[in-house]
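# Survey of secondary and tertiary structure
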Amino acid sequence: MKRYFWIFLVFLFSCQGPGGKKKNDIISVSILPQKYFVERIAGDLVQVNVLIPPGASPATYSLIPSQMKDIVNSKAWFRMGYLGFELSWADRIQNANPDMKTFVLSDGIDLITEKDEEHGSHHHEGGVDPHFWMSPREVSIIAENILKALEELYPDHEKTFLENFEKLEKDIADVDAHIRLVLRNAKNRSFLVFHPALTYFARQYGLKQIALENMGKEPSPRQVKEVVKLARKKNIKCIFIQKEFDHENAQIIAKEIGGTVIQINPLNYDWIEQMEETTENLKKVLN
């Protein structure tokens, strides 16, 4: 019954006009930071449709029927590649619009898998950490993949895309230089985070991320005890947590280590702003 309901919705929305934008003008993406990257390169040529709304989890989000119209009218879907949402919904999204091209923006990235992580008790669907956009080095690859995809979709605008891409690349390089400058004299190289969203950031800048979350679930009392012990050993006085997560366990940890909770927002639209904010927060913790 549920399958027929989705088929009916696809038929219904395909019979409607896209409401102001032609089908060829809509690009769907999974998360807000992707919208920032696409708009920096494409300018106002396209309308970017974000599938996962602010405050929702990219690991567990489920599409609602009202979102199908923009999917049906999308020219392409730019996937990050390994978000739990994408792995769960890929077939249904593609079936909703068989003509829609799909591009994977993580192509070419040196992926971090569970076995590569020292504190790898947490789990991501597919075994790959999907937080690529939290590293300038990886964002540069993402930007290149977006450029290639847009050039394929809109070959008449290659020159504009390339000019915009080069401006974005300069900004990415500036962000990288800023992070290296701010963190170069950090006394401590380890930090504590509830959900392991800074894995690629930590790899690029020689830091050690200690994640509290276990297998995508709330930590057990024994795991909390182990993390508290490790945090004390490494003199960590803060725990980072994303705003879409429950802060209760983070507050418990902070109390046990005599520290504080700092909220981070990796899903912020303005990538430069959130990278600079994350860096400043890390500076306070690591120094």
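The model shown is predicted, which means the values in this text are computed figures rather than measured ones.

Of all the eleven residues making up helix 2 (residues 32-42), eight are buried; the element is thus mostly covered by neighbouring parts of the structure. Of the residues making up helix 2, those classed as buried are Leu32, Pro33, Gln34, Tyr36, Phe37, Val38, Ile41 and Ala42. Along its buried surface, helix 2 packs onto strand 1 (26-29), strand 2 (47-50), strand 3 (76-79), helix 5 (136-153), helix 6 (158-183) and helix 10 (271-286). The positive-phi residue at the C-terminal boundary of helix 2 is Gly43, with phi of around 65 degrees.

Ordered in space as 6-5-7-8, the four strands form an open sheet in which the pairing is parallel. Of all the strands in the sheet, the pair left with one neighbour each is strand 6 (208-211) and strand 8 (260-264). Averaged over all pairs of adjacent strands, the angle between their axes in this sheet comes to 35 degrees, without regard to strand direction. Relative to strand 8, strand 7 (residues 238-242) runs parallel, the two being bridged by five bridges. When the bridges of strand 8 are listed, Gln242 appears paired with Ile264. Contacting strand 5 (190-193), strand 7 and strand 8, helix 10 crosses the sheet at an angle of about 160 degrees to strand 8.

Thresholds applied
- Residues numbered from 1 in each chain as written.
- Predicted model: local features only at pLDDT ≥ 70, side-chain atom pairs only at ≥ 80, totals over all residues.
- Heavy atoms only, no water.
- Buried < 20%, exposed > 50% of the residue type's maximum accessible area, 1.4 Å probe, protein only.
- Helix = DSSP H or I, 4+ residues; strand = E, 2+ residues; numbered from the N terminus.
- Contact = heavy atoms within 4.5 Å.
- Pairing = 2+ DSSP bridges.
- Axes fitted to C-alpha atoms, helices over the stretch in contact; angles between N-to-C directions.

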